[in-house]
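Each chain, written out:
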Amino acid sequence: MKVFLTHGYFLHEDEKEQQIMRPYPPLGLLYISAYLKQAGVDTFIFDSTFSNRSNLKKELNNFQPDILALYTNLMTKVTILELIKEVKITCPDIKIILGGPDVTYNVEDYLKHGADVLVIGEGEQTMLELTDAVDKGLDLNEVDGLAFLQGGNVIKTKARQKLKELNELPIPDRHSIDIAKYLDVWKKHHGQSALNVSTQRGCPYTCKWCSTAVYGQSYRRRSPRKVVDEIVILQNTYNPDTIWFVDDVFTVSHKWLVEFVEELERREIKLKFECISRADRMNEEVISLLKRAGCFRVWIGAESGSQRIIDAMDRRVSVNQVRQMIQETRKAGIEAGTFIMLGYPGETEEDIKETLRHLKESNPDHFTITKAYPIKGTALYEEISSIQSAEPNWATSTDRDRDFKRTYSSKYYDYALKWVVSEVNYEKQNGFFNKRKFKLKVNSFIGQLGMKVYKD
Ligand code: B12
Ligand code: SF4
């Protein structure tokens, strides 16, 4: 049984990312690959990030797999559907399997667009059992965590039990892809290289816009020893300048953090890393532990500067806490970043002004800002279903294109974004009035003007 693993992300087709240039290896796929190879399955992994569609087809043709298994998220969906269509014509005997966060709540659509089987949730065990079942011609109904069509009907097998012991997972199969390409791009564009590592799976919180499609509302973690083992391998093999922990809330367990710091210190491992946290899982002691461990940047989600909107999101944090933790983090010599969302249902101009005040006052080193959109399967998605503007064509759009009736027109929030970004960046500029400051003021003015024009 030959398995060809890939994902539908091509950097050269992503103009936005070409400006950002912070690509990371496809960690989920690398976990699946390591797990299958460990069990002796003949597996080939094609990392599409720096490649193109014609190379993918060439490699697929060379390898002649029985199974083509693709990672799918909401941004890569359209490409994945195009690939399925082509493969169905050129190699109709290959079984097409999809996994990743976007399949869980779009089961019928993916199956009706040509996928043979979907792997729902955590993929390692399901993929291995599925490969075995396909190989031996066994009944797929016996494999947990699948969806497929039978006589035109959607069949969903029993939900897969979440892995209890993450320590049993093999180290991701990085050596089967060209990691040097990632390191080079990072070095060239940011002066230092970075690689991604996962220490936990699941998140116990319930923020309404966040997708828990893969790991659910859970919290499982690898032991600090296993994580440090992986870091040592990465340092000896690739020597990245920094590590990004992809975990949802890195500081969720303070006990784990203490043990992690002790393990690093005991083995005299020097680390420089970036992670994501929540203000309510931070305090002075946690910040000092992060510093000791080598954290150079921590992202502290707030999403809004208005407590009313934070509560509507079920974010369960106070805006004052967020402000205080951003400031304390910076005082400790760690960069602070924060995420902001505009256009959440019910958000008014007053809320946006509070968000602007919040950003100016907390003064993070970095912030990202997006217009709120509903990911299928989230509480936000359910909430906006009655106020959705129009149902976009599923196969040619993404959840990002799904619009809904907000307090003001959708365009209003595009201009609000421009206003907030330029105002905050203006505030960050030191010195006399100069060309950059002038440009930011002009953009801020355009933003405000657009907000006036599109308020209704
Ligand atoms: C790191 C990350 C990123 C990085 C990606 C870097 C990279 N190359 O990995 C960056 C910052 C670039 C990013 C961007 C985006 N992301 Co993101 N990201 C994450 C995050 C935090 C961790 C991903 C990760 O590495 N997880 C660890 C690995 C081991 O898990 P995994 O990938 O899910 O893999 C498991 C399963 O999915 C499955 N599986 C995976 N691949 C395959 C393949 C097959 C064949 C099979 C059978 C199974 C399978 O098995 C794996 C192991 O159990 C997740 C949240 C999360 N906690 O997972 C969001 C998440 C995946 N991102 C999300 C979103 C929305 C985005 C963006 C659209 C955001 C935006 N507005 O631009 C973009 C899309 C970018 C793109 N073009 O693809 C959503 C996806 C929702 C959805 N339905 O698709 C998530 C779930 C966040 C959330 N909670 O809402 N992201
Ligand atoms: S936004 Fe962060 S804290 Fe909230 S549910 Fe998602 S991962 Fe958890």
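Quick note: structure is the one above.
Residues numbered from 1 in each chain as written. Chains lettered and ligands numbered in written order. Predicted model: local features only at pLDDT ≥ 70, side-chain atom pairs only at ≥ 80, totals over all residues. Heavy atoms only, no water.

(A) Just the sheet that holds strand S12 (residues 273-278), in detail. With respect to topology, six strands assemble into an open sheet ordered S8-S11-S12-S13-S14-S15, the strand pairing being parallel. Whereas interior strands pair on both sides, the edge strands pair on one side only; in this sheet they are strand S8 (194-197) and strand S15 (366-371). Ignoring which end each strand starts from, the neighbouring axes of this sheet average 25° apart. Relative to S15, strand S14 (residues 335-342) is paired through six bridges, and the arrangement is parallel. Note on S15: the bridge partner recorded for Leu342 is Lys371. Against the sheet, helix H15 (residues 410-428) contacts S14 and S15, and its axis sits at roughly 170° relative to S15. (Pairing = 2+ DSSP bridges. Helix = DSSP H or I, 4+ residues; strand = E, 2+ residues; numbered from the N terminus. Axes fitted to C-alpha atoms, helices over the stretch in contact; angles between N-to-C directions. Contact = heavy atoms within 4.5 Å.)

(B) Quick peek at helix H12 (residues 319-331). The end-to-end C-alpha distance of H12 is 18 Å, a good match for the 18 Å that 13 residues give at a rise of 1.5 Å each. Along H12, the residues that are buried comprise Val319, Val322, Arg323, Met325, Ile326, Glu328 and Thr329. Tucked inside the fold, the buried residues of H12 contact helix H10 (284-293), strand S13 (295-301), helix H11 (307-312), S14 and helix H13 (349-362). Of the residues flanking the end of H12, it is Gly333, one or two places downstream, whose phi is positive at about 90°. (Expected span 1.5 Å × (residues − 1). Buried < 20%, exposed > 50% of the residue type's maximum accessible area, 1.4 Å probe, protein only.)

(C) Expanded view of the packing of aromatic side chains. In this structure the tally under the stated criterion is 20 aromatic pairs. Consider the rings of Phe250 and Phe273, whose centres lie 5.4 Å apart with planes at 50°: the pair is tilted. Of the two residues, Phe250 sits in the loop between strand S11 (242-245) and helix H9 (254-266) while Phe273 sits in strand S12, which places them 23 residues apart along the sequence. Judged by its relative accessible area of 0%, Phe250 falls in the buried class. Judged by its relative accessible area of 0%, Phe273 falls in the buried class. Cation over ring: Arg221 sits above Phe250, and NZ or CZ is 5.2 Å from the ring centre. A cation over a ring is seen here: Lys272 above Phe296, with NZ or CZ 5.2 Å from the ring centre. (Phe/Tyr/Trp six-rings, centres within 6.5 Å; stacked < 30°, edge-to-face > 60°. Lys NZ or Arg CZ within 6 Å of the ring centre and 35° of its normal.)

(D) Quick peek at the sheet that holds strand S4 (residues 95-99). Spatial ordering of the open sheet is given by S2-S1-S3-S4-S5-S6-S7, a layout of seven strands whose pairing is mixed. In the strand order of this sheet, the two ends are held by strand S2 (42-46) and strand S7 (153-156), each with one partner. Adjacent strand axes in the sheet meet at a mean angle of 20°, parallel and antiparallel pairs treated alike. Relative to S4, strand S3 (residues 67-71) runs parallel, the two sharing five bridges. Opposite Leu68, over in S4, you have Ile96 as the bridge partner.

(E) The pattern of salt bridges, seen in detail. Counted according to the given criterion, the structure contains 41 salt bridges. Two residues, Arg225 and Asp229, come together in a salt bridge whose shortest N-O distance is 3.6 Å. Remark: Asp229 and Arg225 occur in helix H8 (residues 224-237); sequence separation between them is four residues, near one turn of the helix. Here Arg292 and Glu265 are joined by a salt bridge, their closest N and O atoms 2.9 Å apart. Here Arg292, found in helix H10, pairs with Glu265, found in helix H9; they are 27 residues apart in sequence, far enough to count as distant. Judged by relative accessible area, which is 48%, Arg292 ranks as partly exposed. Look at Glu265 and you get partly exposed, because its relative accessible area is 39%. (Salt bridge = Lys/Arg side-chain N within 4 Å of Asp/Glu carboxyl O.)

(F) Highlighting the environment of Phe273. Once the C-alpha coordinates of Phe273 and Gly333 are considered, the two residues, 60 residues apart in sequence, prove to be 13 Å apart. Residues within four places of Phe273 in sequence aside, it is in contact with Ile243, Phe245, Phe250, Leu290, Ala293, Gly294, Cys295, Phe296 and Arg297.

(G) A look at the side chain of Thr49. The residue Thr49 is located in the loop between S2 and helix H3 (53-63) in this model. Taking relative accessible area as the criterion, Thr49 reaches 3% and is therefore assigned buried. Within the local environment of Thr49, its side chain forms a polar contact with the side chain of Asp47, the two groups lying 3.0 Å apart. Polar side-chain contacts of Thr49 include one of 2.8 Å to the side chain of Tyr182. In contact with Thr49, other than residues within four places in its own chain, are His7, Tyr9, Phe10, Leu11, His12, Pro23 and Tyr182. (Polar contact = N/O pair within 3.5 Å; in protein donor to acceptor, adjacent residues only side chain to side chain.)

(H) Looking closely at the site of ligand 1. Taken together, 36 residues form the shell around ligand 1, and within it Tyr24, Asn73, Leu74, Ser211 and Tyr215 come nearest. Between ligand 1 and the protein, one listed contact pairs a nitrogen atom with a side-chain N or O atom of Asp102 at 3.0 Å. Residue Glu124 places a side-chain N or O atom 2.9 Å away from an oxygen atom belonging to ligand 1. Residue assignment for the shell around ligand 1 shows that the elements contributing at least two residues are helix H2 (27-38), S3 and helix H6 (124-136). Looking at which element gives the most residues to the shell around ligand 1, the answer is H2, with five residues. Per-domain counts for the shell around ligand 1 show at least three residues from each of domain 1 (2-156) and domain 2 (192-384). (Near = heavy atom within 4 Å. Domains from an automatic or database assignment.)

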